[in-house]
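Structure assessment
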Amino acid sequence: MAETFDVVVIGAGPTGENAGARAAAGGLKVALVEHELLGGECSYWACMPSKALLHPGETIKEPLKAEAVLKHRDKMVSGYDDKSQVKWAEGAKLTVVRGRGKLTGPRKVTVEGKDGKVRELEARRAVVIATGSKPRMPDIQGLKDSRPWDNREGTGSKAVPGRLVVLGGGVEAVELAQAWRELGSEVTLVQRGPRLLTRFEPFVGEQVAQALRDTGVRVFLETQATKVQRSGEGKGEYTVTLSNRDTLRADALLVAMGRTARTDDVGVDTVGLKPGASIEVDDQLRAKGVDGGWLYACGDVNGRNLLTHMGKYQARLVGDVILGKPAKAWADTKATPQVVFTHPQVASVGHTEEQARKAGVPVKTVQYRVIVGATFTGPGVGEMLHAATIAVAGEVPLDTLWHAVPSYPTMSEVWLRLLEAYGL
Ligand SMILES: Cc1cc2nc3c(=O)[nH]c(=O)nc-3n(C[C@H](O)[C@H](O)[C@H](O)COP(=O)(O)OP(=O)(O)OC[C@H]3O[C@@H](n4cnc5c(N)ncnc54)[C@H](O)[C@@H]3O)c2cc1C
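Residues numbered from 1 in each chain as written. Predicted model: local features only at pLDDT ≥ 70, side-chain atom pairs only at ≥ 80, totals over all residues. Heavy atoms only, no water.

1. Some remarks on the overall build of the protein chain
Looking only at helices and strands, the protein chain has 15 helices and 19 strands in total. What you see for the protein chain is a C-alpha radius of gyration of 23 Å, in line with the 22 Å of a compact globule of 424 residues. Considering only C-alpha atoms, the protein chain reaches an extent of 65 × 65 × 40 Å along its principal axes. Considering only contacts in the protein chain between residues 6 or more positions apart, those separated by 24 or more positions represent 62%. Carbon and sulfur atoms provide 51% of the accessible area of the protein chain, an area that totals close to 20500 Å². (Helix = DSSP H or I, 4+ residues; strand = E, 2+ residues; numbered from the N terminus. Rg over C-alpha atoms; globule rule 2.2 N^0.38 Å. Contact = heavy atoms within 4.5 Å. Areas by Shrake-Rupley, 256 points an atom, 1.4 Å probe, with all protein chains shown as cover.)

Listed below in C-alpha cells is the structure:
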C-alpha cells in the first residue's frame, strides 16, 4: 500500500528542505526523501566547508595553523552528521524518509532504503525534484582512472597535500586553490580559457589571478590537461601533461570543471524526461513536457542558477505555487547576486556589461537610468552587495538612488562615486 502525502520532495539539500518547509507551513502533508545527509552538498561538501577553509585567511594574519583550520572545517560541517537538520525538518513538520527516491510514474515515488526495503509514496498534489548536481568529469586521457579529487575531497581532505594541481578556473577552482595554498600546499591552477572567472567582468579574473600569483599559486591560462597518469596503482603521485607540453607532478589533483544535473537515477524517464539532463522548467518551476503540471524541479537540478540562495528562492516559490498562490521566478535570471569568497572578495549582481549588451540592454545610455548589474572586488565587499541587489531587482532609477545617502565613513560611499560617474 502506498503512503499518501500532498507533496513528495526528492532530495533534502537546501532547496528540497525549503520547498518542503514552505509547503508544510501552508498546511500540506510533506515527505522529504534523502539518501545521504539532510542539508545536501551545500552543507557538507560545498558552501560550508569551502568557506570554513577560506575565511580564516581573511581574518588571521599570522601563518595559518592547518590543523586548527581543518578542525574548524569539521565543526562547520557538524562532523558530517545531520542530526540537527533532522531535528529542524521534524520541527518544520516534514516527514523525513531515508533512502533513494525514484519516480515510477505520475505522482508516484519509490524509496529504497540502505537495508533494501522499498517504500511506495504517492503525492496528491505535487512531486518536487531537488536532487542537485554532481561534478562534471571531462574526457581527459587517464583522468577518471586516476581517481582525482572532486568537491568532496577538495573540501573534505583530512590532510594538506604537499603539491596540488587544480583543473578549472571558475568559482570552485579559485576558492579551493587559494584555500589550500593558504594552508601550505604548493598549488598549480590550470585553466583552459584566457582568464579566470569568465562569467564575471574581465577585471575580476585579472585581479583574482594576480592575488593567487602573489601568494605563490602558479596559474596557467589558455592551457589544458591532455593526459593524467598516477603511480602506485592509482594511489601514488599524479603526472599531469599539459597542452603547452609542461608536465606537472602532484600529490592531489582537483577537478573543478563544472557540474551536471543529478537526474540519471531518479526515474525521470518514466514521465518522459531525459535522464542525465537538467530538468527544464517554466517560471513557476514546473517541469516542461510533463502533463498535468504536478512535477516541479528546483535548485541545481533545473540548471537555471547553481547557487544555494537562488535555489532557496526557487524553493520558496515552488512552495507558494503548490499552495495555489500566484508566484513567478525572475530574480534567478535577472538579478542574481553572487559572492566569490577569495581574497580579494568578488561580489556581483545582475548582468555584466557584455551580458547586458548581448541581452540588448543599452548600457551606459541615459534612456534607462537604472542599474542592471554591479561588480565589486575588495575585502568584505560581499556585505555591500545587497544594496546593489535591491537597486537591480527593484529597478530603482538613478535619480532616486541619488537620495539614498551612504553614511560617512563607510565603504558604501562608493555609491556616490558611481553616481557621479553618471553625471549626478
Ligand atoms: C565547492 C563548492 C562551493 C560552493 N559554494 C557556494 C557558496 O558559497 N554559495 C552558494 O550560494 N553556492 C555555493 N555552491 C553551490 C551550491 O553548493 C549548490 O548550488 C547547492 O548545493 C544546490 O542545492 P540543491 O538543494 O539544489 O542541491 P544539493 O545541495 O546537491 O542537494 C541535493 C540533495 O539531494 C539528494 N539526492 C540526490 N538524489 C537523490 C535521490 N534519488 N533520492 C534521495 N535523495 C537524493 C542528495 O543526497 C543531496 O542531499 C558551491 C558549490 C561547490 C561545489
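2. A closer look at the environment of E395
Among the structural elements, E395 can be located in the loop between α13 (385-393) and α14 (398-401). Taking the C-alpha atoms as reference points, E395 and V372, 23 residues apart in sequence, are found 7.7 Å from one another. Ignoring sequence-local partners within four residues, the contact set of E395 consists of K334, V370 and I390. Within the local environment of E395, its side chain forms a polar contact with the side chain of K334, the two groups lying 2.6 Å apart. (Polar contact = N/O pair within 3.5 Å; in protein donor to acceptor, adjacent residues only side chain to side chain.)

3. Looking at helix α10 (residues 308-322)
Between the first and last C-alpha of α10 there are 21 Å, a value that for 15 residues agrees with the 21 Å anticipated at 1.5 Å per step. A large share of α10 lies buried, amounting to 11 of its 15 residues. For α10, the complete set of buried residues consists of M310, G311, Y313, Q314, A315, L317, V318, G319, D320, V321 and I322. Summarising the contacts, the buried residues of α10 are in contact with β1 (3-10), α1 (14-25), β6 (118-129), β16 (295-297), α11 (331-334) and β17 (337-340). Of the residues flanking the end of α10, it is G324, one or two places downstream, whose phi is positive at about 90°. (Expected span 1.5 Å × (residues − 1). Buried < 20%, exposed > 50% of the residue type's maximum accessible area, 1.4 Å probe, protein only.)

4. Quick notes on the environment of T188
Mapped onto the elements, T188 comes out in strand β9 (residues 186-190). For T188, a relative accessible area of 8% puts it in the buried group. Residues T188 and E201, 13 residues apart in the sequence, show an inter-C-alpha distance of 23 Å. In this structure T188 touches L164, V165, V166, R218, F220 and L248, once residues within four positions along its chain are discounted.

5. Let's talk about the packing of aromatic side chains
Aromatic ring pairs are described here by two measures, namely the spacing of the ring centres and the angle between the planes. On inspection of all chains with the given rule, the structure shows four aromatic pairs. With a centroid separation of 5.6 Å and an interplanar angle of 55°, the aromatic rings of Y44 and W45 are classed as tilted. With a centroid separation of 5.8 Å and an interplanar angle of 55°, the aromatic rings of W149 and W180 are classed as tilted. Taken as a pair, W149 in the loop between β7 (133-135) and α6 (151-156) and W180 in helix α7 (residues 171-182) lie far apart in primary sequence, 31 residues in all. Like W180, W149 is buried. Above the plane of the ring of F5 lies K29, whose end atom (NZ or CZ) is 4.8 Å from the centre. Across from the ring centre of W45, 3.6 Å away, lies the NZ or CZ of R152, which sits over that ring. (Phe/Tyr/Trp six-rings, centres within 6.5 Å; stacked < 30°, edge-to-face > 60°. Lys NZ or Arg CZ within 6 Å of the ring centre and 35° of its normal.)

6. Quick word on the sheet that holds strand β18 (residues 345-350)
Read from one edge to the other, the open sheet built from three strands follows the order β17-β18-β19, with strand pairing classed as antiparallel. Unpaired on one side and paired on the other, β17 and β19 (373-378) mark the two borders of the sheet. On average, each strand axis in the sheet is tilted by 10° relative to the strand beside it, whichever way the strands run. Bridge count between β17 and β18: four bridges; the pairing is antiparallel. The residue bridging Q338 from the neighbouring strand is S348, located in β18. (Pairing = 2+ DSSP bridges. Axes fitted to C-alpha atoms, helices over the stretch in contact; angles between N-to-C directions.)

7. Some details on the site of the ligand
Lining the immediate environment of the ligand, one finds 35 residues, of which T15, E34, K51, G101 and D300 sit closest. The backbone of P14 places a nitrogen or oxygen atom 3.4 Å from an oxygen atom of the ligand. Measuring from an oxygen atom of the ligand, one finds a side-chain N or O atom of D300 at 2.8 Å. Within the complex, the protein chains bury 93% of what would otherwise be the 1000 Å² of accessible surface of the ligand. Among the secondary structure elements, those contributing two or more residues to the shell around the ligand are α1, β2 (30-34), α2 (40-45), α3 (47-59), β4 (100-105) and α10. Residue classes in the shell around the ligand are distributed as 11 nonpolar, 15 polar and nine charged. (Near = heavy atom within 4 Å. Nonpolar A, V, L, I, M, F, W, Y, C, P; charged D, E, K, R; others polar.)

8. Quick word on the sheet that holds strand β14 (residues 252-255)
For sheets, the rule is that strands pair by backbone hydrogen bonds, running either parallel or antiparallel. Strand order in this open sheet of four strands is β10-β9-β8-β14, and the pairing throughout is parallel. Looking along the sheet, the strands with just one partner apiece sit at the ends: β10 (218-220) and β14. When strand polarity is set aside, the average angle formed by the axes of neighbouring strands in this sheet is 15°. Looking at chain direction, β9 and β10 are connected through three bridges and run parallel. Residue V190 lies in a different strand from β10, and its bridge partner there is F220. Lying on the sheet, α7 is in contact with β8 (163-167), β9 and β14; it crosses β9 at an angle near 165°.

9. What about the pairing of β18?
In terms of burial, β18 is largely enclosed, as five of its six residues are buried. Between the end of β17 and the start of β18, which pair antiparallel, lie four residues. The pairing of β18 with β19 spans six bridges and is classified as antiparallel. Opposite G350, over in β19, you have G373 as the bridge partner.

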